[in-house]
Amino acid sequence: MQSQPTARRRQLRTWRPGPGPAEFKPVSAQGKSKPLLDLASNDYLGLCRHPDLIEAAGAALHSEGVGAGGSRLVTGSRPVHVALEEALADWLGRERVLLFPSGFQANLAAVIALANRNTPVLADRLAHHSLLMGVKASGARLQRYAHNDLADLERRLKLCRHHQPHQPPLVLTESLFSMEGTSPPLSTMAELCEVHGAKLLVDEAHALGVIGPQGRGLCHGLSAPVSIISGTFGKAFGSGGAFLAGDSAMGDHLLQTSGAFRYTTALAPPLAAAALTALNLIQSHPQWGKQLQERAEQWRGQLAASGWARPPGYGPILSLLIGSDQQALNRQSQLEEAGLLSVAIRPPTVPEGTARLRLVLRRGLPDETLERLMSALETG
């Protein structure tokens, strides 16, 4: 049984930025706070407070204003939007990129562009909520295949081909699953979709900047086509907003038909300027992602050696399975007492009985962080 909403609301807290780039201050009901070392946010490369991003955003703020003031097709388009779209397209090897104010909005737009009420949609069982809402908005027929299970996906693709031979299916996945830390074998998945005439939408939100060739994500360099790549600036890029990347035809289709693009205020110029600067930094430091993966491997090995189930995957997200909701909350409190912030992830975000601590590595964490974590976990 899921926890009652009222009980969950009582767990919410107010967080204030701490004095350092890796610190937060949880504020109690009594107004007291203490700094915690952040092991929870998605700022994988530690760029959200990078001086170059702050300077770029500040310059755009003074020259362009806080907001865009209109949609991209009216008065909202700025040179920085075009520059960011073109730079991303070149970096990812895609013909066209369009910016969106949020990743949720971009995923809605992508699914609606690729599916209609007659489309069979096959989504990974752990696919992000925004992708599922896109399926609902499109009116398409949803099936869920087992997480990262290509045998199950192939079986369902064959059934789709048999029952609807003239209706191309759509496959939805993430390249790095945000609550599991796992990745699908995307090369094989893309080839499988090509064989069965299926379209493929990949959400690269948590991978871009961190994994794949020079941080370009796991779709980069695949031999089989990917219909649309969805990405965000709110994670490794340290900014805000999102984008969709595809070929020219798909870009034109989105431009002409996507209400999620046409009828929304354009991405704030300071955020676009910060994202463009982050992209330049990522391109200039291709070793950042590899270094983060190497450190994540060290953490996984130490956790396994200490008797914990080895967190799956190889990226910076380490899912430490606890079990019950209350046990996960107890572990969260235990880490807070040790000055560490890792939030308990519970149903409905994850399946019942799989509550966990989601540990996130970021560039710039102190060298002694792993030792502190292991010491705090051992006290429980």
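Residues numbered from 1 in each chain as written. Predicted model: local features only at pLDDT ≥ 70, side-chain atom pairs only at ≥ 80, totals over all residues. Heavy atoms only, no water.

1. Let's talk about the state of the cysteines
Taken as a whole, this structure holds zero disulfides when the rule is applied. Free of any disulfide, Cys-193 has its nearest neighbouring cysteine sulfur in Cys-160, separated by 11 Å. Here Cys-193 falls in the buried class, since its relative accessible area comes to 1%. Here Cys-219 stays free of any disulfide, with the sulfur of Cys-193 as its closest cysteine sulfur at 11 Å. (Disulfide = S-S within 2.5 Å. Buried < 20%, exposed > 50% of the residue type's maximum accessible area, 1.4 Å probe, protein only.)

2. Considering the sheet that holds strand β13 (residues 344-345)
Taking strand neighbours across the sheet as the criterion, the three strands line up as β11-β14-β13 in an open arrangement whose pairing is antiparallel. Looking along the sheet, the strands with just one partner apiece sit at the ends: β11 (317-323) and β13. Two strands pair when backbone bridges link them, and β11 and strand β14 (residues 355-360) are joined in this way by six bridges, in the antiparallel orientation. Paired with Leu-320 across the strands is Leu-357, a residue of β14. Its contacts with the sheet put helix α11 (residues 287-305) on β11 and β14, and the angle it makes with β11 is roughly 25 degrees. The strands touched by helix α12 (residues 325-337) within the sheet are β11, β13 and β14, with β14 carrying the most contacts at an inclination of about 35 degrees. (Pairing = 2+ DSSP bridges. Helix = DSSP H or I, 4+ residues; strand = E, 2+ residues; numbered from the N terminus. Contact = heavy atoms within 4.5 Å. Axes fitted to C-alpha atoms, helices over the stretch in contact; angles between N-to-C directions.)

3. Structural notes on the layout of surface pockets
Gaps left between atoms show up when a probe the size of a water molecule is rolled over them. By volume, the largest pocket is sized at about 570 Å³. Along the walls of the largest pocket sit 29 residues, with Ala-127, His-128, His-129, Glu-174 and Ser-178 positioned nearest its centre. Listed by contribution, the elements that provide at least two residues to the lining of the largest pocket are α4 (103-114), α5 (129-138) and β9 (228-232). Among the residues making up the lining of the largest pocket, the classes are represented as 10 nonpolar, 12 polar and seven charged. (1 Å grid on protein atoms, 1.4 Å probe; cavity = no way out; pocket = protein on both sides within 12 Å on 5 of 7 lines; lining within 4 Å. Points joined across faces, edges and corners; volume = space filled by probe spheres on them. Nonpolar A, V, L, I, M, F, W, Y, C, P; charged D, E, K, R; others polar.)

4. Here we look at empty space enclosed by the protein
Counting across every chain of the model gives three cavities of 30 Å³ or more. Its volume calculated, the largest cavity comes out at about 40 Å³. Considering the residues around the largest cavity, the lining is formed by Arg-72, Leu-99, Phe-100, Pro-101, Phe-261, Thr-264, Thr-265, Ala-266 and Leu-267. Across the lining of the largest cavity, the residue classes break down as six nonpolar, two polar and one charged.

5. A few points about the side chain of His-81
Considering the arrangement of structural elements, one finds His-81 in helix α3 (residues 79-92). With residues up to four places along the chain from it excluded, the contact list for His-81 reads Arg-72, Gly-76, Leu-99, Ala-266, Leu-267, Pro-269 and Ala-272.

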